[in-house]
Amino acid sequence: MRIVSSITGDHWVLALRTVLAVWLALFAALRLDLAQPAWAILAVMIVTLQPVMFSGGTPPLGIIIHRCIGRLIGTFLGALMGVLLIALFAQQPMLYLLAAGGWLAFCTFCVMLLNDEPASYIMMLSGYTATLVSLTAIGTGVDNIFDLALARTTETALGIGAGFLMHVLIKPRFGSHALPTTLDGLTGGAAGEVRVALVERRTRAELDARLRTLMGKHQQFEAQHSLARFEFRRFRRLLPALDRFAGDSLALMTGLRELEEAVDRLSHCEDADAIMTALRDPALPFLDALEQGSELPEQPVLPDIDALVTAEARVTQVRAALVRERLSEVLGLLHHGRSLSLAMQHHQHARLVRLTGCRPRRTWHPEYAVARYNAFRVFIAFELLGLFWIHSGWPSGYLSMMLLGVFIVLFAKAPNPAAVVRQFLTGTIWAVIIGCVFSYVVFPAITGFPLLALSIAVPVVIGTLMTPHMRYSAIGLAGAVTLMTLLNLHRTYEFHPTQFINGGLASILGTIVTMVTYSLFRQRTPGERLETLVTAYWRGLERVTRARRLPSRAWIESRLYDRLGRLLALGSGELMLREAVDLHALAMCLWRLRRLARDSGPYRRDIERWVFELGRQLPWAGRDERAWQRLAADSEARAASLYAIEPLPTALIGEFEMLSHLLRDLPGAEVQARDALVDVDDEQGAMDAR
């Protein structure tokens, strides 16, 4: 009763769309006399229903389009690999197991390593399609391998076309339709944070909560902007600007953090109120206009610091210049975000966006340990089940291998894959029972395609209505998929009880082995992965200070932004999220110091040596809670010693001021430094033992 009461109109439309697509795919497959009509139905079910498990309703058209494209490419590559496996190892089962298991493990490794959704989806499809094609050939006759590969590709394309057609014709949903509104909300929220940072002080708890809210708006923008390239043609020319702002929106978070620190630093100087008033007056009307969502205001021109502060007040001049620089950078990002929103809403505003050309290169933070572990457990499970199949001589054992290959790759990225596969096991058992009823009772009593279509519509509708609900999603999808696989949907229906029972048992066994594999070889928890990501921030700090060749700003920002995005995806808390932003700000501050040191003349080598020494001390500072205060004091003393040197740029001294403030205020730094120090201690102990 609970699931019935929560079925909405959108769910019924989704069921109608799925049933019509299944009918169309099945009718075309039967008319063309294709080898495996079930494959066309499987393509419809997976392309349509798999995204529903995560969205809870009708998936946006952009997701359907890129899933269709990825499935076509992945199926084609997997079919080629399946042909190659049979061509090389058809008569050598042990070598086939090693090669097929190695390919499946490699594809799983790529799925876990790649953060790019289309590429990851293609590798997932190519992984289990190769096993599907090659194992089906082994079970039915290796002489048919080329026909099977062609049938798999053709019928998958047929199912994809049927599903896509129904999504376009029947009440399509566009995920990026609200992208301009979402972008306005993001820029308006960030503008409000900047305004508050300029006029008042907030507690750490308030800052953390507001930061989480902004990050939520950023995630919403990321999800919608990734669909824009598939859904609206008028958005495509703005894709480079949208991709650039995806990083700039995270730069807003860091810019806000640094602006707060710079304003706090300036507040301890004389004439701070007058300087802040001069900087606020042109900025506040611009920020108010962004919050209200009005037409694009002109980007304010901030007053020159030399006109506000005399040269004798060197400390005040440096800190005021730092506030002006950070404020100007944040205002520029907000101006670009608002102009981009207007360009998407109105064609006459397209000239506002001047950021065109190639998309910015994204640098990912790869989690090699997680990817290697998943590849290892896939390989072990595939080899063990394959050995059981070969030595038992079970004719239908290849079906269990097929399901193992599909499930173990399909849910590798799930936070708790064992629980998902457990639901799939329940759905598979129910599918076997219902399939037995269909095979014994329903199919022998029907004639013609209309009755066949009506009988199939019942389990398809039930599975579709269950999929949007988190508690029953895997059961519904597994039941529908397994049932369509077990039923002999050919032009001439023939029921073989022994074959059906063997197929059902093999399906259950493959699902059980997948569940046992995930239960025995447990993946690192999200909490452990979060700690690893934060540790990577600390090691990245050391690399920034020690690298002989300074990396580009685009590279280091892209790597830091990707880590921050993964923290959000894994569900980090406010404290860890705040710390990640602080570490990001610290890394960029150290990068600016090294870049500005190039213009320091004879002091360049001394400044670079000091930065290098600081990078060496950062991991070890966790041994003493007062070490961070000493590092901050050292940075502040370094800035004080540079005030008397006139040729040095003001920005360089300001970065030393910012560095000392970040070091003094970094939350939880000593705890994470201790975690990062463990590996260093282990390496040092190993060297001492030698």
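Rules used throughout
Think of each chain on its own: its residues are numbered from 1, step by step along the sequence as written. Where local features are concerned, this predicted model is filtered to residues with pLDDT of at least 70; where side-chain atom pairs are given and counted, the filter is 80 or more; whole-chain, interface and lining totals use all residues. With hydrogens and water stripped out, all remaining heavy atoms of the structure feed into the side-chain values. Think of it this way: any DSSP run of H or I at least four residues long counts as a helix, any run of E at least two long counts as a strand, and we number them from the N terminus. Three exposure classes are used, based on accessible area relative to the maximum for each residue type with a 1.4 Å probe and protein chains only: buried under 20%, partly exposed in between, and exposed over 50%. We call two residues in contact when some of their heavy atoms are within 4.5 Å. Only the protein chains shown count as covering a residue, and every accessible area follows the Shrake-Rupley method with a 1.4 Å probe. Under this scheme, a helix contributes an axis fitted over its contacting stretch, all axes are lines through C-alpha atoms, and angles between N-to-C directions fall in the 0 to 180 degree range. For classification purposes, an angle smaller than 35 degrees is called roughly parallel, one larger than 145 roughly antiparallel, one from 65 to 115 roughly perpendicular, and anything else oblique. Whether a crossing is left-handed or right-handed is set by the direction in which the near helix is turned from the far one by less than a right angle, anticlockwise for left-handed and clockwise for right-handed. Gly is put with the polar residues, along with every residue not named as nonpolar or charged; the nonpolar set is Ala, Val, Leu, Ile, Met, Phe, Trp, Tyr, Cys and Pro, and the charged set is Asp, Glu, Lys and Arg. We call two N or O atoms a polar contact when they sit within 3.5 Å, provided that within protein one can donate a hydrogen and the other can accept it, with sequence-adjacent residues counted only if both atoms are side-chain atoms. Method remark: on a 1 Å grid restricted to protein atoms, a set of points is classed as a cavity if a 1.4 Å probe fits but cannot get out and as a pocket if it is open with protein on both sides within 12 Å along at least five of seven lines; lining residues have an atom within 4 Å of a point. Grid points are joined across faces, edges and corners, and a volume is the space filled by probe spheres set on the points. We count a salt bridge whenever a side-chain nitrogen from Lys or Arg sits within 4 Å of a carboxyl oxygen from Asp or Glu. Given the number of residues in a helix, its expected span is that number minus one, multiplied by 1.5 Å. Pairing of aromatic rings covers Phe, Tyr and Trp, the last through its six-membered ring, and needs centres within 6.5 Å; plane angles under 30 degrees mean stacked, over 60 mean edge-to-face, and all others mean tilted. In this analysis the charged atom, NZ for Lys or CZ for Arg, is taken to sit over a ring once it is within 6 Å of the ring centre and within 35 degrees of the ring normal. pLDDT is a residue-level measure of predictor confidence that goes from 0 to 100. Throughout, disulfides are identified as pairs of cysteine sulfur atoms within 2.5 Å of each other.

1. Digging into the overall build of the chain
Point 1. Tallying secondary structure elements over the chain gives 27 helices and zero strands in all.
Point 2. Residues counted as buried form 56% of the 690 residues belonging to the chain.
Point 3. If you take every contact in the chain between residues at least 6 apart in sequence, the share linking residues at least 24 apart comes to 82%.
Point 4. Of the roughly 29,700 Å² of accessible surface on the chain, a fraction of 60% belongs to carbon and sulfur atoms.

2. Some details on the packing of helix H3 (residues 37-49) against helix H5 (residues 61-89)
Point 1. Following both chains from N to C, one finds H3 and H5 inclined at 140 degrees, their axes separated by 9 Å at the closest point. Considering the angle they form, H3 stands oblique to H5. Handedness of the H3/H5 crossing: right-handed. Residues Ala 43, Ile 46, Val 47 and Thr 48 of H3 form the contact with H5, whose own contacting residues are Ile 64, Cys 68 and Arg 71.
Point 2. Its residues placed into classes, the contact of H3 with H5 shows five nonpolar, one polar and one charged.

3. Details of the side chain of Thr 136
Point 1. One can find Thr 136 in helix H7 (residues 117-140).
Point 2. A polar side-chain atom of Thr 136 sits 2.6 Å from the main-chain carbonyl oxygen of Leu 132.
Point 3. Excluding anything up to four places from it in sequence, Thr 136 contacts Trp 39, Thr 131, Gly 141, Leu 148, Tyr 398 and Met 402.

4. Observations concerning empty space enclosed by the protein
Point 1. In this structure the tally under the stated criterion is three cavities of 30 Å³ or more.
Point 2. One number sums up the size of the largest cavity: a volume of about 120 Å³.
Point 3. What lines the largest cavity is simply Glu 193, Arg 202, Leu 207, Arg 210, Leu 211, Leu 214, Met 253, Leu 256, Arg 257, Glu 260, Arg 578 and Val 581.
Point 4. Looking at the lining of the largest cavity, its residues break down into six nonpolar, no polar and six charged.

5. Re the environment of Leu 662
Point 1. Mapped onto the elements of the fold, Leu 662 is located in helix H26 (residues 650-665).
Point 2. Look at Leu 662 and you get buried, because its relative accessible area is 2%.
Point 3. Between the alpha carbons of Leu 662 and Asp 582 there is a distance of 7.2 Å; along the sequence they are 80 residues apart.
Point 4. In this view, Leu 662 contacts Arg 257, Glu 261, Ala 585, Leu 586 and Cys 589; residues no more than four positions away in its chain are not counted.

6. Observations concerning the side chain of Thr 182
Point 1. Tracing the backbone through its elements, the reader meets Thr 182 in helix H9 (residues 179-199).
Point 2. Classification of Thr 182 by relative accessible area gives buried; the value is 8%.
Point 3. Beyond its immediate chain neighbours, meaning those up to four positions away, Thr 182 contacts Lys 217, Gln 220, Phe 221 and Gln 224.

7. Things to note about unusual backbone geometry
Point 1. With phi around 45 degrees, Lys 171 is a residue other than glycine that occupies positive phi space.
Point 2. Tracing the chain through its elements places Lys 171 in the loop between helix H8 (145-169) and H9.
Point 3. Residue classification places Lys 171 among the exposed positions, given a relative accessible area of 60%.
Point 4. One non-glycine residue with positive phi stands out, namely Asp 271, at about 60 degrees.
Point 5. According to the relative accessible area criterion, Asp 271 is exposed, its value standing at 59%.

8. Observations regarding the pattern of salt bridges
For side chains of opposite charge, pairing can occur when their charged atoms come near one another.
Point 1. Tallied over the full model, the rule gives ten salt bridges.
Point 2. Across the pair Asp 184 and Arg 338 runs a salt bridge whose closest N-O atoms are separated by 2.5 Å. Placement of the pair is Asp 184 in helix H9 and Arg 338 in helix H14 (residues 314-345), with a sequence separation of 154 residues. As far as burial versus exposure is concerned, Asp 184 and Arg 338 are alike and both buried.
Point 3. The network of salt bridges with shared partners includes Glu 258, Glu 325, Arg 326, Arg 592 and Glu 655.

9. Here we look at helix H16 (residues 397-410)
Point 1. Here H16 contains 14 residues, and its C-alpha end-to-end distance of 20 Å stays within 8% of the 20 Å for a straight helix at 1.5 Å per residue.
Point 2. Within H16, 14 of the 14 residues are buried, which leaves it mostly tucked inside the rest of the structure.

10. A few points about the packing of helix H2 (residues 9-31) against H8
Point 1. At a minimum axis distance of 8 Å, the contact between H2 and H8 shows a crossing angle of 145 degrees. The crossing of H2 and H8 is right-handed. Here Arg 17, Leu 20, Ala 21, Leu 24, Ala 25, Ala 28 and Ala 29 of H2 come into contact with H8, specifically with Leu 158, Gly 159, Ala 162, Gly 163, Leu 165, Met 166 and His 167.
Point 2. Considered class by class, the residues forming the contact of H2 with H8 number ten nonpolar, three polar and one charged.

11. Quick word on the packing of aromatic side chains
Point 1. Counting across every chain of the model gives three aromatic pairs.
Point 2. Geometrically, the ring pair formed by Phe 27 and Phe 449 is edge-to-face, given 5.3 Å between the ring centres and 65 degrees between the ring planes. With Phe 27 in helix H2 and Phe 449 in helix H18 (residues 449-466), the pair connects residues that are 422 residues apart, well separated along the chain.
Point 3. Here Phe 27 falls in the partly exposed class, since its relative accessible area comes to 41%.
Point 4. Taking relative accessible area as the criterion, Phe 449 reaches 25% and is therefore assigned partly exposed.
Point 5. Directly above the ring of Trp 39 sits Arg 152, whose terminal nitrogen or CZ lies 5.3 Å from the centroid.

12. Considerations on the environment of Leu 541
Point 1. Examined against the element boundaries, Leu 541 turns out to sit in helix H21 (residues 526-546).
Point 2. Once the C-alpha coordinates of Leu 541 and Ala 587 are considered, the two residues, 46 residues apart in sequence, prove to be 5.6 Å apart.
Point 3. In this structure Leu 541 touches Leu 583, Leu 586, Ala 587, Leu 590 and Leu 618, once residues within four positions along its chain are discounted.

13. Looking at the confidence of the model for the chain
Point 1. Chain-level pLDDT for the chain is 77 on average; 85% of the residues reach the 70-or-more range.
Point 2. Per-element mean pLDDT across the chain ranges from 39 in helix H27 (residues 669-689) up to 89 in helix H6 (residues 93-113).
Point 3. A low-confidence stretch, residues 355-359 (pLDDT under 50), is modelled with nine contacts involving residues beyond four sequence positions or located in other chains.
Point 4. Counting contacts from residues 667-690, a segment whose pLDDT is below 50, to residues more than four positions away or on other chains yields 32 contacts.

14. A look at the state of the cysteines
Point 1. Inspection of every chain in the model, using the stated rule, returns zero disulfides.
Point 2. Just so you know, Cys 110 is unpaired, no disulfide at all, and the nearest cysteine sulfur is the one on Cys 107, 6.4 Å from it.

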